[in-house]
Structures are given as C-alpha cells and as structure tokens.
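So you can see what is in the structure, the chains are spelled out below.
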Amino acid sequence: MKKMSNIYESAANTLGIFNSPCLTKVELRVACKGISDRDALSKPDPCVILKMQSHGQWFEVDRTEVIRTCINPVFSKLFTVDFYFEEVQRLRFEVHDISSNHNGLKEADFLGGMECTLGQIVSQRKLSKSLLKHGNTAGKSSITVIAEELSGNDDYVELSFSARKLDDKDFFSKSDPFLEIFRVNDDATQQLVHRTEVVMNNLNPAWKTFKVSVNSLCSGDQDRRLKVRSNSYFLNSSTRRKQNDCYFFSQVQWECINPKYKAKKKNYKNSGIVILNQCKIHKMHSFLDYIMGGCQIQFTVAIDFTASNGDPRNSCSLHYIHPYQPNEYLKALVAVGEICQDYDSDKMFPAFGFGARIPPEYKVSHDFAINFNEDNPECAGIQGVVEAYQSCLPKLQLYGPTNIAPIIQKVAKSASEETNTKEASQYFILLILTDGVITDMADTREAIVHASHLPMSVIIVGVGNADFSDMQMLDGDDGILRSPKGEPVLRDIVQFVPFRNFKHASPAALAKSVLAEVPNQVVDYYNGKGIKPKCMSEYESSRTLAP
C-alpha cells in the first residue's frame, strides 16, 4: 500500500489533477463613449481588442467588429473568457481606429486603453473607466465592460429577417438598410445583441440567416421583450409554439415606425414592414445533462510494450518499476484514470497491451489483456490496472512494431454495439500510452475515421523523449484528419498529449489539457445524432426554457 500511495501522490503532484480549479465562462460586453479621432473633421472607425497578460506579456485574445464613423460605439461581438477564482487575470482593452482601407493595426490609430482584472469586472458586473492614452486620460472618452456568467444554456436561435417598402432615406439613391436587435433588460436598459449585414441600395432587403445564443438574446427568458431597429425605425414582438426540441415562430411581421415622421405627418402609417421569416430555438444538451442523465464513461487503457521502451529490468527503461518513484506510464495512467473513474459506476476498466510477445506461445499481440484473461480484461479500479501492469511486465517479451489500429478497432466494436440502443447510455474513452511514433499510420487513420461515427474518444499520451511531431496529425488541430481513401472524420475525437510538456506545468493547465476536448466530443456526438439524455434530471429542468 505504501508503494501505491506513492504512485497516486506522485501523479497528483506531477499532473495536478486533484483539487483542480473550478472553471466557469464569462461573457464580456463592451461599449465606449466620447471617443475621438486625431482628425477632428471625421469620426473614428473603432474596434476594441482584448488582451490578457501571461508571464508578464500581453497576448491578444479576441477583438470586436469595426463600427464605422461612431464616437459612442456599442459592440455586438462578445468576449468569452475562462474565469479562475484563484488566479489574478489581468486584462487590457485597447480601442483602435481602423479605417475602411485596412483592418490591420500597424496603420491604425490607438485611441486609448484600459487595464483591469477579470475579478474586478465580475465583482462589479459593470465596470466603467476612463480610457488612457500614454498614461493620460484620452479626453472624456470612457469604456464600459459588462460581465455575465454563462448559465450553461447552450441553446441557440436561428433567425431570418426581410423587409419590404422601406422608406428611402438617401437623396440620390436607395437606402442601405440593416437591422439591430436589442434585449430589454430588467432595468429597462437596452443591450445590443446582433447587428445584421448592410444590404446596399435596396428597399426590400432580405438579410442573411444568423444564429445567436438564447443566453445572449434573452438570458434564457423567452418572455423578455426585444426591440428591433432598422436604421431609424423601431419594432418589437414575442410569440412562439413548441415542436420537439425546437421552438418555431410562425411568420410574423411588424410595421416600422419612425417617431419623427409619426409626429409630423397626420396620415402617417409606417415606414415599411419588417418580416420574421424564420425563428427556431434549437435545444442543445450539455455534457452535464448527459452525465447526470445516466450516461456512463467507459474507460479503457492500452499500453505500449514495444522493445523501444527498454528492458524493464534496466533503470533506464520507461517501464522500469522503481520502489518509490512511478514511471511515466504509471503517472499518465493514474492522472487520466482518476478523472475518468468518477463517471463509471462499477469502476471496472478493461486494460490492454500491444507490441509484445505474450505467453504461453509468445506470439506478438497488439490487443492482449494485461491480466491475461481475454474473456474478462477488466481490472478493479485504477489500482487494479496498476497492479495488472506491474504484474504482467516480467512475463512479457517486449517486441514490436507499434501498431495501435487493432486496439482502436477493438474498442470501436464495443462502441458500435452501444449505438444499437439509440440511447445516451455509454460513451467510450480509450487512453493509449505509447513511447514512439506508430508504424501503422494508414490503418490508424482508417480506424479513427470509422470511430468518429461512434460514441468514442481517443486520448494518446506520448511517453518519453521521442519525436512525436508526426503524431500531431491524428489530433486534427492542424487540419481535418482523413483516411487513406480521403474520407474525413465526422468529428474530431483524438487528443494527443506529449507527457513531457506537463512535468512542470501548473495544475490548472495540466488538468485542462489531459481531457480538454472530451466534454465537447461527448456533446457533439449525441447532439449530432439527435439523442437526448436518458433521464431529465432536476438540474436540467431548472435550466430548460419553459415551453
């Protein structure tokens, strides 16, 4: 037990998976007032750039859209940032005048900036400060940042608008109309949610269909009032009916009212009609919806036993079992396994090996059970996997080559059987621990493309100091992975992680990196298949919009 406790303690210290920080996402809305250009005869074209400080350096996180000729811009683009309670997250908001001739910053005018911490914005919810330029206030200009914690509601609205017979506001040509949608807050203030594109020289425009989150549009309250403005005209509405997991709005239309014209003209009717052609609210279930609905994470381990690891009896071997210091295979196994086991009720984990000659005939196998029980390869808990790994090492002959397609195919077979249930019952995670670049790349690509259609994710941890550059292609971060025949993956299911990158990393970065993409992969699979969580939990009913 002393040895086992040392393994867990070392894994915790190395990978920082225990006591991981609580993470939530925050949306930041930005508006400015009184900004001025160097040229007093013209108005600026402002854009706000958000930067975050890391290791003393400022890095750009995101930027808003450019609003043309405006001194009091209200930006529709939201900044979404991760909030860590235990960290000081320094932010810098920079306002630049980006002319219509270019969108770069090299020739843009710096109009002012504001520095603060994310904690300051969150604690006040609305932070207004003067813009500073070279250490001094930039005239009377100011910036306001409003923070809103994401509720976890990922539902989104798909909207399509058109209009007819709009008033002609241009003297020499037809108007260039656009729409702005505002959310009416509880305190009667208005918040810009979306601005459509401009349709040039057209009094009967049809704007492109766009999507906006329910959280942004109405904070999850479907009875919240909205105000829509078409240039200088105003309208508002609300009506809906439910069908399955979408809310469909019947086609409706509103008169555009220009307050000035209405006050001056006795027989004034309207300045045109705006039509809502389509409105669908798509229900998006979250990772927690599925987990709390009873979906189990089926965790499987596959370990590389090829000869390149070195003789396990030699202290230089990657498989060497030190009495007190666990090797990298054990550290990575415990790190990932300890997280996954919380989502598996029976905590029985299949564990396989590949690339070794196994008893009794000592033929090379690429998918053998490390407990040597092919009928039941499951081990009791992560400790059972560790013990089976340590027990099998003296009985194996490390060999090769490094083929991982067979083990991916084995787990994919189980995942394929799960699809017959048409329920969100089991999602499979395969952890592959390997010391080198695989030798069956073509077969592996084929296996991954096939697995991308199944409830399955693959995590590959590179152990040791080998050159893993060729493995990055499996991750899909640098482009879409394709099979040798050219078929693309349906979704990105592979996360490749070099273990050596995390030896000295902070707990927050490590815990996030090891299983960073899995929650989205789970959600993408089930939402893509239209599969709902098995059971509607109290958690979901408390956050779902009422029909």
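Refer to the structure printed above.
Nothing here was measured: the structure is a model prediction, and the numbers come from that model.

Student: Would you mind going over the overall build of the chain with me for this structure?
Tutor: When helices and strands are tallied, the chain shows 13 helices and 28 strands. Burial status across the chain gives 49% buried among its 547 residues. Look at the contacts in the chain between residues 6 or more apart in sequence, and 71% of them connect residues 24 or more apart. When the accessible surface of the chain is split by element, carbon and sulfur atoms take 49% of a total near 27,100 Å².

Student: Explain the packing of helix α6 (residues 328-340) against helix α7 (residues 381-392) here, please?
Tutor: The relative placement of two packed helices is expressed as an angle between their axes plus a distance between the axes. Across the interface, α6 lies against α7 with an axial gap of 10 Å and an inter-helix angle of 160°. Here α7 runs roughly antiparallel to α6, going by the angle between their axes. Crossing hand, α6 versus α7: right-handed. Here Tyr329, Leu330, Leu333, Val334, Gly337 and Glu338 of α6 lie close against α7, whose contacting residues are Ile382, Val385, Val386, Tyr389 and Gln390.

Student: Would you mind showing me how to read the sheet that holds strand β25 (residues 397-398) here?
Tutor: The strands that make up a sheet pair up through hydrogen bonds in the backbone, lying either parallel or antiparallel. Pairing is antiparallel across the open sheet formed by three strands, whose spatial order is β22-β21-β25. With partners counted over all chains shown, the strands left at the sheet margins are β22 (363-365) and β25, one partner each.

Student: Help me understand the nonpolar core in this model?
Tutor: One finds Phe299, Phe305 and Tyr526 to be the most contacted residues of the largest nonpolar core, which totals 48 residues. With seven residues, α6 is the largest single contributor of residues to this core. Here Tyr526 is in contact with Tyr290, Cys295, Glu423, Ala424, Ser425, Gln426, Tyr427, Pro455 and Ile531, once residues within four sequence places are set aside. Grouped together as the second largest cluster of nonpolar side chains are 30 residues, Ala451, Met456, Val458 and Val489 included.

Student: Would you take a moment to explain helix α9 (residues 441-451) for this structure?
Tutor: Within the span of α9, buried status applies to Met441, Thr444, Ala447, Ile448, Val449 and Ala451. Here the buried face of α9 lies against α8 (405-419), β27 (456-462), α10 (472-475) and β28 (494-498).

Student: Would you take a moment to explain the pattern of salt bridges for this structure?
Tutor: Side chains that differ in sign of charge can pair as their charged atoms come close. Here the structure, examined in full by the defined rule, presents 16 salt bridges. With a closest N to O distance of 2.6 Å, Lys25 and Asp82 form a salt bridge. Remark: Asp82 occurs in strand β4 (residues 79-84) and Lys25 occurs in strand β1 (residues 23-33); sequence separation between them is 57 residues. Salt-bridge contacts for Arg92 lead to Glu94; the nearest nitrogen and oxygen are separated by 2.7 Å.

Student: Is there a simple way to think about the side chain of Asn258 in this case?
Tutor: On the secondary structure map, Asn258 appears in the loop between β17 (252-255) and α4 (259-264). By relative accessible area, which is 7% here, Asn258 ends up buried. A polar atom in the side chain of Asn258 sits 3.0 Å from the backbone nitrogen of Lys260.

Student: Explain the packing of aromatic side chains here, please?
Tutor: Throughout the structure, instances matching the rule amount to ten aromatic pairs. Look at Phe79 and Phe93: their rings are 6.4 Å apart centre to centre, the planes differ by 50°, and that puts the pair in the tilted class. With Phe79 in strand β4 and Phe93 in strand β5 (residues 90-97), this pair connects stretches of sequence that are 14 residues apart. The same class applies to Phe79 and to Phe93, which are both buried. Feature note: the residues Tyr290, Tyr427, Tyr525 and Tyr526 constitute an aromatic cluster, connected by ring pairs. When the ring centre of Tyr261 is taken as reference, the NZ or CZ atom of Lys265 above it lies at 4.6 Å. Over the aromatic face of Tyr399 sits the side chain of Arg357, whose NZ or CZ is 3.9 Å from the ring centroid.

Student: Explain unusual backbone geometry here, please?
Tutor: Peptide bonds are, in most cases, trans, and in most cases residues other than glycine have a negative phi. In the segment running from Pro359 into Pro360, the intervening peptide bond is cis, with an omega of 5°. Among the secondary structure elements, Pro360 is positioned in the loop between β21 (356-358) and β22. Positioned with a positive phi, Lys347 is a non-glycine residue whose angle comes to about 50°. One can find Lys347 in the loop between α6 and β20 (348-354).

Student: What's the story with the environment of Pro350 in this structure? I'm lost.
Tutor: Its location among the elements puts Pro350 in strand β20. Residue Pro350 is classed as buried on the basis of its relative accessible area, which comes to 16%. Taking C-alpha positions, Pro350 is 8.9 Å from Ile370, a pair spaced 20 residues apart along the chain. Ignoring any residue separated from it by four or fewer positions in sequence, one finds Pro350 in contact with Phe299, Thr300, Val301, Pro377 and Glu378.

Student: Can you walk me through α8 in this structure?
Tutor: The α-helix winds at 3.6 residues per turn, so residues separated by three or four positions along the chain end up facing the same way. In a regular helix each residue adds 1.5 Å, so 15 residues correspond to 21 Å; α8 covers 21 Å between its end C-alpha atoms and thus fits that length. Summarising the contacts, the buried residues of α8 are in contact with β19 (296-304), β20, β26 (426-434), α9 and β27.

Student: Mind showing me how you'd approach the side chain of Ser317 here?
Tutor: Along the polypeptide, Ser317 turns up in the loop between β19 and α6. Note on Ser317: relative accessible area 8%, which makes it buried. Setting aside its immediate chain neighbours within four residues, Ser317 contacts Asn309, Gly310, Asp311 and Pro312.

Student: Can you help me understand the packing of α8 against α9 in this one?
Tutor: The contact between α8 and α9 brings their axes to 9 Å, and the two run at 15°. Here α8 is positioned roughly parallel relative to α9, judged by the angle of their axes. Along this stretch, α8 crosses α9, giving a crossing that reads as left-handed. Taken together, the residues of α9 that come into contact with α8 (itself represented by Ala405, Ile408, Gln409 and Ala412) are Asp443, Thr444, Ala447, Ile448 and His450. Classifying every residue of the contact of α8 with α9 gives five nonpolar, three polar and one charged.

Student: Help me understand the environment of Thr80 in this model?
Tutor: Within the secondary structure, Thr80 sits in strand β4. Using a relative accessible area of 43% as the deciding quantity, one classes Thr80 as partly exposed. Sequence separation between Thr80 and Leu28 is 52 residues, and the spatial gap between their C-alpha atoms is 6.3 Å. What Thr80 contacts, discounting residues up to four positions off in sequence, is Lys25, Val26, Glu27 and Leu150.

Student: What am I meant to see in the environment of Asp470 here?
Tutor: Within the secondary structure, Asp470 is located in the loop between β27 and α10. In contact with Asp470, not counting residues within four places along its chain, are Val437 and Met441.

Cut-off values and rules
- Residues numbered from 1 in each chain as written.
- Predicted model: local features only at pLDDT ≥ 70, side-chain atom pairs only at ≥ 80, totals over all residues.
- Heavy atoms only, no water.
- Helix = DSSP H or I, 4+ residues; strand = E, 2+ residues; numbered from the N terminus.
- Buried < 20%, exposed > 50% of the residue type's maximum accessible area, 1.4 Å probe, protein only.
- Contact = heavy atoms within 4.5 Å.
- Areas by Shrake-Rupley, 256 points an atom, 1.4 Å probe, with all protein chains shown as cover.
- Axes fitted to C-alpha atoms, helices over the stretch in contact; angles between N-to-C directions.
- Parallel < 35°, antiparallel > 145°, perpendicular 65-115°, else oblique.
- Left-handed = near helix turned anticlockwise from the far one by under 90°.
- Pairing = 2+ DSSP bridges.
- Core = buried A, V, L, I, M, F, W, Y, C linked by side-chain atoms within 4.5 Å.
- Salt bridge = Lys/Arg side-chain N within 4 Å of Asp/Glu carboxyl O.
- Polar contact = N/O pair within 3.5 Å; in protein donor to acceptor, adjacent residues only side chain to side chain.
- Phe/Tyr/Trp six-rings, centres within 6.5 Å; stacked < 30°, edge-to-face > 60°.
- Lys NZ or Arg CZ within 6 Å of the ring centre and 35° of its normal.
- Expected span 1.5 Å × (residues − 1).
- Nonpolar A, V, L, I, M, F, W, Y, C, P; charged D, E, K, R; others polar.

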